[in-house]
Amino acid sequence: MMKILMKKSWAYCLISVALLSCTAADSVKPETAKVKNVIMIIGDGMGPQQVGLLLSYARQAPHSVIASRTTALDRMMEQGRLGISMTYTADTLVTDSAASATQLATGKFAGAEMLGLDKDGNPQENIIEKARRMGKATGLVSDTRITHATPAAFAAHQTHRSQENSIPEDLLATGADVMFSGGLSFWLPEQANDKNSALHRQLAQMTGNSIEIKSSRKDAKNLLTVAAEQQGYALAFNKAQLQQATGKTLGLFAESGMANGIVETKNRDNVLHTQPTLKEMSEQALEILGRNEQGFFLMIESGQIDWAAHRNDTGLLLHEMLRFNDTLNAVLDWAENRQDTLIIVTADHETGGFGFSYSGVDIPKPHSLPGVAFAGGALFQPNFNFGNPDVLDKIYAQQLSYHDIFSQLDKLPKDQQTPLKLTELVNRYTEFKITEAQAVKILATEANPLYRAGHMSLGEKTVPKMEVNGAFFVYQKENRENLLAQAVSASQQVVWATGTHTSTPVFVFVKGEEQTMQPFAKILHHTQLGRLAIDALQ
Ligand code: MG
Ligand code: ZN
């Protein structure tokens, strides 16, 4: 490949040599380098600071579970390249996942919350449609649900990301060879909700009773039947079925979102007997897609980094970053010694305005140091608390997500849902203890200052009382979790700016053949990044 490109360049030099001097730079000027396989891995909400959390934990946590202290991103950079990319939409400063993934998938500017359309609302060819035209295999893998914004933007064309009743039909029309994620409920007819029906029993049996049978549809369409009978998909609902899959497969492994990172890595005894991990889904996708001699395009989403960050749940965020790391390591293992594959790792945006920060709380006591400058007895005495790396082990030690902690509280009889009970739960499942007085504040409510009748998330009349930046905590039902994060902020050495996304530029890690990587190593916009990925497919 490289030889052919070089030859062309030299031929051009020879022709032009009479008119212009041909410099050495001309001879290596890259034309659009092509590869057989493109794997795009999206950490949803994985801004530079989320990457930083993984790196700090790997390098500095006294008992890091990453024994080598080396992350998959370190492996990417051994021979890879790094760029950064702006994520803004056609006419906004900040993006959501739908518009951002649309920009990555189509190379065209989109509007916020749109799927697969340009900024004016015209359907645009996405990278999966293009790859299929070229005879390549294609795949979508996500630990959220397959109809959720990020995977949907790579296959669907809808005016709004919330149209999850229509997205499955778009996914089937686009026809990616493998689709592995959660979200079974959007594929089942409304009638499946009748627990006494033959249909309900039949579905329960088909899924091996591993998934709750529930429909989120508003019609009688059974899209599993359409997938299997009209589109030729094998169906998989659990890990065993996934691992037997050899060809075109629709794998739906949860009723809605898949297990979170803490459950996946620590509480495997319940859901994960049957549910595959993001790594396992990715490995099986590579196994299947790798059989196509024309090559493939695969998008893998580590989608719950964003969900943890919206809730400002630092312990969960760390586990989501570890899940991402495990998955990327598996992809790098697969691609080891291959010259025909381009791996792109990026994020769709940053979520939460997260970061470790130094504070005025618990300032370490002055102490002596062995260095010559301190030999006279002077004490080392910084003015602030710059953060003890021990906090990383404590963050890792979290046993339940904030969401699951509040679910436990909400399951109790109303008169037991007290600040004292919340204190007990938080102090049982996390290393950052709260007081009952703090729990009172977390559970305090107020008349909704952002109230909008009928709004998907601002429609409640009474909501948790936010002390600061309330306008940016728009998923109001979850705001108790954000308030818990604020309560433990100083002890975690962590600040969170928002409950939504920020405009922070995101990293672009690429690994592949030298000439293919080169164009990524600059300051890009996600439309350019998408175009480069599309053009890289041969
Ligand atoms: Mg997503
Ligand atoms: Zn988000």
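No experiment lies behind these values; they were computed from the predicted model shown. Per chain, residue numbering runs from 1 following the sequence as it is written. Written order decides the labels, with chains lettered from A and ligands numbered from 1. Side-chain atom pairs in this predicted model are given and counted only at pLDDT of 80 or more, local residue features only at pLDDT of at least 70, and totals for whole chains, interfaces and linings cover all residues. Excluding hydrogens and water, the side-chain figures rest on all heavy atoms present in the structure.

Participant: Would you mind showing me how to read the overall build of the protein here?
Facilitator: Per the convention used, a helix needs a DSSP run of H or I reaching at least four residues, while a strand needs a run of E reaching at least two, with both numbered from the N terminus. Of regular secondary structure, the protein possesses 23 helices and 16 strands. Across the 538 residues that make up the protein, the buried fraction comes to 51%. Contacts are assigned to residue pairs that have any heavy atoms within 4.5 Å of one another. Of all intrachain contacts in the protein linking residues separated by at least 6 positions in sequence, the fraction that spans at least 24 positions is 71%. If you sum the accessible surface of the protein, you get close to 23,300 Å²; carbon and sulfur atoms cover 53% of it. Think of it this way: Lys and Arg go in the positive column, Asp and Glu in the negative one, and His and the chain ends go nowhere. Taken as the charge centre is NZ of Lys, CZ of Arg, CG of Asp or CD of Glu, depending on the residue. If you average the places of the 49 positive and of the 56 negative side-chain charges in the protein, the two averages end up 2 Å apart. Three labels apply to residues, based on accessible area from a 1.4 Å probe with only protein chains included: buried if under 20% of the type maximum, exposed if over 50%, partly exposed otherwise in between. Accessibility throughout is a Shrake-Rupley quantity obtained with a 1.4 Å probe, and a residue counts as covered only by protein chains that appear here.

Participant: In this structure, what is going on with the domain arrangement of the protein? I would like to understand it.
Facilitator: Interfaces are often described in size by the accessible area the parts lose on coming together. Domain ranges listed in this record stem from an automatic or a database domain assignment. The domains assigned to the protein are domain 1 (37-354 + 501-536) and domain 2 (404-495). Inter-centroid distance (C-alpha atoms) of domain 1 to domain 2 is 29 Å. Accessible area that two parts lose when put together, with a 1.4 Å probe and added across both, is what the buried area reports. For the pair domain 1 and domain 2, the two sides together bury roughly 730 Å², of which 44% comes from carbon and sulfur. In the sections that follow, a salt bridge refers to a side-chain nitrogen of Lys or Arg positioned within 4 Å of a carboxyl oxygen of Asp or Glu. Between domain 1 and domain 2 we count two salt bridges in total. Residue arginine 311 is joined to glutamate 481 by a salt bridge in which the shortest nitrogen-to-oxygen separation is 3.9 Å. Whenever two N or O atoms come within 3.5 Å, that pair is a polar contact, provided that in protein one can donate a hydrogen and the other can accept it, and provided that, for residues adjacent in sequence, both atoms are side-chain atoms. Summed over the shared surface of domain 1 and domain 2, the number is four residue pairs in polar contact (both at pLDDT 80 or more). Taken together, the residues that form the side of domain 1 that touches domain 2 break down as two nonpolar, five polar and one charged. In this count, Pro and Cys sit with the nonpolar residues alongside Ala, Val, Leu, Ile, Met, Phe, Trp and Tyr, while Asp, Glu, Lys and Arg are called charged and the others, Gly among them, polar.

Participant: Teacher, can you tell me more about the coordination of the zinc ion (ligand 2) here?
Facilitator: Octahedral metals with six donors have ideal donor angles of 90 or 180 degrees. Tetrahedral metals with four donors have an ideal donor angle of 109.5 degrees. Distances define the donors: N, O and S atoms within 2.8 Å of the metal qualify, as do those within 3.2 Å of Na, K or Ca. Water is excluded, so some sites may look unfinished. Bound to the zinc ion (ligand 2) on the protein side are Asp306 (OD), Asp306 (OD), His310 (NE2) and His501 (NE2), at distances that span 2.1 to 2.3 Å. Between the four donor atoms coordinating the zinc ion (ligand 2), the angles at the centre fall across 57 to 155°, so the site counts as irregular. When the donor residues of the zinc ion (ligand 2) are listed from N- to C-terminus, their spacing reads D-x3-H-x190-H. Of the two residues, histidine 310 is situated in helix H14 (residues 304-310) and histidine 501 in strand S14 (residues 501-502); the sequence distance between them amounts to 191 residues. No difference in accessibility class separates histidine 310 from histidine 501, as the two residues are buried. Geometry is assigned from donor-metal-donor angles: four donors are tetrahedral when every angle falls between 85 and 135 degrees, four are square planar and six octahedral when opposite donors sit over 155 degrees apart with all other angles between 65 and 115, and any other arrangement is irregular.

Participant: What's the story with the nonpolar core in this structure? I'm lost.
Facilitator: As a rule of thumb, nonpolar side chains are buried together in soluble globular proteins. Throughout this description, the term nonpolar core refers to a set of buried Ala, Val, Leu, Ile, Met, Phe, Trp, Tyr and Cys residues connected via side-chain atoms within 4.5 Å. Counting 77 residues, the largest nonpolar core has Phe324 and Val345 as the members making the most contacts within it. No other element matches helix H15 (residues 314-335), which puts ten residues into this core.

Participant: It is not clear to me how the coordination of the magnesium ion (ligand 1) should be interpreted in this structure. Could you clarify?
Facilitator: The magnesium ion (ligand 1) binds to the protein through Asp44 (OD), Thr150 (OG1) and Glu301 (OE), with metal-donor distances spanning 2.0 to 2.2 Å. Spacing between the donor residues of the magnesium ion (ligand 1) along the chain follows D-x105-T-x150-E. Here threonine 150 is found in helix H7 (residues 149-153), whereas its partner glutamate 301 is found in strand S7 (residues 296-302), with 151 residues between them in sequence. Both residues of the pair, threonine 150 and glutamate 301, belong to the buried class.

Participant: I'm lost on the side chain of glutamine 275 in this one. Help?
Facilitator: Inspection of the secondary structure assignment puts glutamine 275 in the loop between helix H12 (261-266) and helix H13 (278-289). A polar contact of 3.4 Å, which involves the side chain of glutamine 275, links it to the backbone oxygen of phenylalanine 253. Among the polar contacts listed, one links the side chain of glutamine 275 to the backbone nitrogen of alanine 259, at a separation of 2.7 Å.

Participant: Can you help me understand the pattern of salt bridges in this one?
Facilitator: Oppositely charged side chains may form a pair once their charged atoms are brought near each other. Inspection of the entire model under this criterion finds 24 salt bridges. We note a salt bridge from arginine 59 to aspartate 74, for which the minimum N-O separation is 2.6 Å. Here arginine 59 is found in helix H3 (residues 48-60), whereas its partner aspartate 74 is found in helix H4 (residues 72-79), with 15 residues between them in sequence. The shortest N-O distance in the salt bridge between arginine 531 and aspartate 535 comes to 3.5 Å. Of this pair, arginine 531 and aspartate 535 both sit in helix H23 (residues 526-536), four residues apart, which is roughly one turn of the helix. Judged by its relative accessible area of 33%, arginine 531 falls in the partly exposed class. What you see here is one network of salt bridges that share partners, running through Asp143, Glu264, Glu320 and Arg323.

Participant: Explain the environment of glutamine 492 here, please?
Facilitator: Among the structural elements, glutamine 492 can be located in helix H21 (residues 489-492). Residues glutamine 492 and asparagine 388, spaced 104 residues apart in sequence, show a C-alpha to C-alpha distance of 9.7 Å.

Participant: Looking at this model, I keep getting lost on the packing of helix H5 (residues 97-106) against H23. Mind explaining?
Facilitator: Helix-helix packing is described using two parameters, namely the angle between the two axes and the distance between the axes. Across the interface, H5 lies against H23 with an axial gap of 6 Å and an inter-helix angle of 35°. Contact with H5, carried on its side by Ser100, Gln103, Leu104, Ala105 and Thr106, involves His526, Thr527, Leu529, Gly530, Arg531 and Ile534 of H23 and no other residues of that element. When its residues are assigned to classes, the contact of H5 with H23 shows four nonpolar, six polar and one charged. Angles shown run from 0 to 180 degrees and are taken between the N-to-C directions of axes, each axis being a line fitted to C-alpha atoms and, for helices, limited to the stretch in contact.

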